[in-house]
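Coordinate inspection notes
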Amino acid sequence: MFFLVIALSQLYPPLQVGFLFTYIAPLVLVLMITMFKELYDDITRWLRDKEMNRKMYTQITHAGSIRTPAQNIKVGDLIEVHAHERIPADMVILSTHDENGTVFIKTDQLDGETDWKLRKALSCTQRIQPITRLLDLDGTLTVKAPDQNIYRFVGRFEGTIDGVDVVEGVGLEHSIWANTSLANGSCVGLVVYIGKETRISLNSREPANKLGITDKELNRLALYLIILMMLISLLVVALSGFNHQSFVQFFRMILLLSTIIPISLRVNLDFAKIYYCVKISKDPKLGYAKPRNSTIPEELGRVHYLLSDKTGTLTRNEMTLKKLYLEHWSFNLDESSAALDFSQLVKDNFDKHSDPIADSNMPKKRKRDTDMVCRDILTALALCNNVTPVYEGKEKTFQASSPDEIALVEYAWKTGLELNHRTTNNIILRFQEQEIDFKILQTFPFTSASKKMGIILQHTTSGKIIFYIKGAEEAIKDTLASAQAKIKMFEDCESLAMEGYRTLVIAQKIISIEEYEDFSQRLEYARSFLENRDEKCQEVIKSIEKNMEFLGVTGVEDKLQHKVDKIITRIKSAGIRVWMLTGDKIETAKCISISTGLKKKENDFLEIIGMDGVHKLENATDLEKKVLIIDGSTLAIVLEFHSKKFIQVASQTSGVICCRVSPTQKSEIVEALLKYTKYRVCAIGDGGNDVGMIQAAHVGIGIEGKEGKQASLAADFSISEFKYVAKLIIWHGRLSYLRTARLSHFVFHRGFVYAIIQALFTIVFYYSAIPIYNGYLMLGYTTAFTSMPVFSLIMDTDMEYKTIKLYPMLYQTQQLGRALNLTRFFFWMWKSIYQGSIIILLALVMFPEDNFINIVAITFSALIITELLNVASQIEMWNIWIAFSEIISFTLYAMCILLLKNYFNLQFIITLDFFWKVLLITAISWCPLHLTKVIKNKICPPRSYRLQNR
């Protein structure tokens, strides 16, 4: 806007100063670069949209199957989708290739999860054949208005099929969302939402326009430059004496000094940020790092807080069942003898009993046989899950939404009980050569609200019905029949958690056929509701979750990431405070904090648990040696009523561990830090539950792990493992910030040194507001003659990576933004005043006999050479590109002297007089400052110099 006003002012004759081209060219150049970048992005999006809209799909019509482009698909159309095809719209499945009505979909492009999801057709329409009969179906599908919740879908089908009235509830299991893909087979779906009403569109957001603190600081410094420009203009007018023309003269001076405002800085910074991102993505020691937000790489150099998820981030998300605690026995499965004993007990029981549910409910006063209990728990491990075996040739893999479940199923397989086959209707287990068939009657998937999952099965041979549930101890405690079992359950969970294991409680219950039929009818009725369906279903499910038999507790180990303790130690040495946010229990989190190096031997835990813990916030002392640990329920109270105090205390501790936190609480912690501290917050995670805090933080880092790509896609930067975060922040972040600071100071200096020359020139020549350098000289000064050397500063490094790796505390010097503080800014301004004054005053005082054109040649040449020397004196490590930029810039200037004859007197240029005058002025303007820097570094070298030269 500033330069647009400047350019427009040249249309008013009294304000015209120099050539119009001088003021329009920079504005046009910057706008053209921005417009071409936007044009490229728009064309890319248009081509991508065009490709997606023209993708062909199979539509079922009365005339048969026809091919139709995606852009012609409407609500109510029947679309047939085949394996590996993208789903074009949100649809309800009416029929699949499988006789059971099931199909697998991939949702990685929707929620980032890589596991296959099982979906099924409406039972009432699956049996209708041929498919074209669906077009004549007499029925109504009612669905709720479009919303963005991808994990919930409510609808109801009502109709008449073969003369029978049918009502069937429609849920998430019947839906397939746009942009997911079919993993196998084929299906026919009824289109219910299209275009902007699809789940993928409703969840699409414009990328957060994060403005980094570096950009804010540069905006503030640019404001100071505007103030300096106006003060200099006012000073010149005051010296000339105020009169009726003073306002015009003031405005003309502003026009002459307008180069103080660095219009090219924005372009330079944009290209610099792109360069930083390329360096990050090309670094072989960062794995598959990918910057997804090119506007804030400098933020990585200012991080004070690193908030990290645990599972999949600090740990590998590679689960292994290590311990089993049963009601009266325990097995350490890591010990070969214990694992062998458990396996033999299971085998012995299978040899004695063919019915896997036989005698499982004994009178509670008598202790059941060990082999029976072992068989029950192993059967539960194989059945109570949502794991599906997938065969690719002879190779068998398991698909599930949680690696915990796969770990339990794999252990059952290792022990001899194999999950051989699964559909929506049945599960087949195999023990040795014996197949055990179960019919799936009901499944209750795990949710973050319920913290448990359940399944009701009927043994095909005996007809017996069994109900299994599995989940967190808090979710299971109210379902158990025995008070003694509850006490045992809590003791086992605490014991396993103290060893660092993830725990799951498993319980079972035999259900009579009459009891199940009553329950099934009530549940189906609840599922037919459109409003409050989930609440009504939960009421019915809770009615059967009573008098459950406690089977045992599983202890699953999640392996730590490679060298995670060393990485966290390095990060903490850099002055970054690490907070761990996890859904685990307090005991598990404590154990992990010690293993990862978050808590050192010299640290003590400051436990904020319950209301007594909240009171500790007021009296906590010696916080630097404490690691604060808080649970989710206490955190909810603290964030609502004592958030400021909590952040004040927590930010002074050595580290913070938040246990049993929900995804929403993770985001709230980040927001509280942003609100009550002035420092940069970085959040890192690998799952969909981490997306909120990643997007809320100043910098979000996503890990592309076993939980999928959702965190990676939502982040500003994505990496493949936690071990790369130290180099990303401490090396690349620090360099990005330092390089931007140095580049910015040089651009500021380049404009201000000219302004000093112009101001002094105007004063000396009787306050005439005429430019000393016209037209092409000014354009060349800000572009061809100095841009390459100044921009090459972003290729310089002040030290080698091995030094910062060895001494990560060097990162601390940049955390507070000292490279762009006011002291550094005004030092560069003083440098500009000194060099600009020397160049113009020496040229006028020492050589008064020279005419105007020779003064221009001498001062401009001295200015260009001084700027090139300024760049050279700031370089820490030379490389071929920096040297090339210096040489080519000077060569370009030399060539322009020959071409711009209106500005240079060639006869004077080739004389010795010209050369010694230029060299003398340059030496006096540059040498004192450079020598002062050299002497200062010798006497009192910076910390980085001392460490580098050890």
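Everything in this summary refers to the structure shown in the same document. Since we're looking at a predicted model, the values are computed, not measured. (Residues numbered from 1 in each chain as written. Predicted model: local features only at pLDDT ≥ 70, side-chain atom pairs only at ≥ 80, totals over all residues. Heavy atoms only, no water.)

1. Describing the overall build of the protein
Within the protein, the regular secondary structure consists of 33 helices and 32 strands. Projected onto the principal axes, the alpha-carbon positions of the protein cover approximately 115 × 75 × 50 Å. For the protein, with 950 residues in total, the buried portion stands at 53%. In the protein, the share of contacts with a sequence separation of at least 24, taken over all contacts with a separation of at least 6, comes to 70%. Summing over all exposed atoms, the protein offers an accessible surface of approximately 42600 Å²; the carbon and sulfur share of this is 57%. Computed over 108 positive and 102 negative side-chain charges, the inter-centroid distance for the protein is 8 Å. (Helix = DSSP H or I, 4+ residues; strand = E, 2+ residues; numbered from the N terminus. Buried < 20%, exposed > 50% of the residue type's maximum accessible area, 1.4 Å probe, protein only. Contact = heavy atoms within 4.5 Å. Areas by Shrake-Rupley, 256 points an atom, 1.4 Å probe, with all protein chains shown as cover. Lys, Arg positive; Asp, Glu negative; His and termini not counted. Charge placed at Lys NZ, Arg CZ, Asp CG, Glu CD.)

2. Structural notes on the pairing of strand E1 (residues 56-61)
With five of six residues buried, E1 lies mostly within the body of the structure. Note that E1 and strand E2 (residues 64-69) share six bridges and pair antiparallel. Paired with isoleucine 60 across the strands is serine 65, a residue of E2. As paired strands, E1 and strand E3 (residues 78-82) are joined by three bridges and run antiparallel to one another. Residue isoleucine 60 lies in a different strand from E3, and its bridge partner there is leucine 78. (Pairing = 2+ DSSP bridges.)

3. Notes on the packing of aromatic side chains
On inspection of all chains with the given rule, the structure shows 27 aromatic pairs. Consider the rings of phenylalanine 761 and phenylalanine 765, whose centres lie 4.6 Å apart with planes at 35°: the pair is tilted. With a relative accessible area of 0%, phenylalanine 761 lands in the buried category. According to the relative accessible area criterion, phenylalanine 765 is partly exposed, its value standing at 32%. (Phe/Tyr/Trp six-rings, centres within 6.5 Å; stacked < 30°, edge-to-face > 60°.)

4. A closer look at the sheet that holds strand E5 (residues 102-106)
Through backbone hydrogen bonds, the strands of a sheet pair up, either in parallel or in antiparallel fashion. Strand order in the open sheet formed by three strands is E6-E5-E11, with antiparallel pairing between adjacent strands. Either end of the sheet is taken by a strand with one partner, and the two such strands are strand E6 (116-120) and strand E11 (181-182). Here two bridges tie E5 to E11, and the two strands are oriented antiparallel to one another. Bridging across to E11, lysine 106 finds its partner in serine 181.

5. Considering the state of the cysteines
On inspection of all chains with the given rule, the structure shows zero disulfides. Counting only cysteine sulfurs, cysteine 659 is the nearest neighbor of cysteine 658, a cysteine outside any disulfide, at a range of 7.4 Å. (Disulfide = S-S within 2.5 Å.)

6. Looking at the sheet that holds strand E9 (residues 164-170)
Spatially, the three strands line up as an open sheet ordered E7-E8-E9, and their pairing is antiparallel. Looking at strand neighbours, the two that pair on one side only are strand E7 (138-143) and E9, the edges of this open sheet. Across this sheet, the average inter-strand angle for adjacent strands is 10°, counted without regard to direction. Examined bridge by bridge, E7 and strand E8 (residues 155-161) share six bridges and lie antiparallel to one another. Note on E8: the bridge partner recorded for leucine 141 is phenylalanine 157. (Axes fitted to C-alpha atoms, helices over the stretch in contact; angles between N-to-C directions.)

7. A closer look at the packing of helix H2 (residues 20-53) against helix H7 (residues 263-282)
Pairs of packed helices are described in terms of their axes, by the angle between the two and the distance that separates them. Where H2 meets H7, the axes come as close as 9 Å, and the angle between the chain directions of the two elements is 25°. Here H2 lies roughly parallel to H7, going by the angle between them. Along this stretch, H2 crosses H7, giving a crossing that reads as left-handed. Across the interface between the two elements, Pro26, Leu27, Val30 and Ile33 from H2 touch Ile263, Val267 and Phe271 from H7. The class makeup of the residues in the contact of H2 with H7 is seven nonpolar, no polar and no charged. (Parallel < 35°, antiparallel > 145°, perpendicular 65-115°, else oblique. Left-handed = near helix turned anticlockwise from the far one by under 90°. Nonpolar A, V, L, I, M, F, W, Y, C, P; charged D, E, K, R; others polar.)

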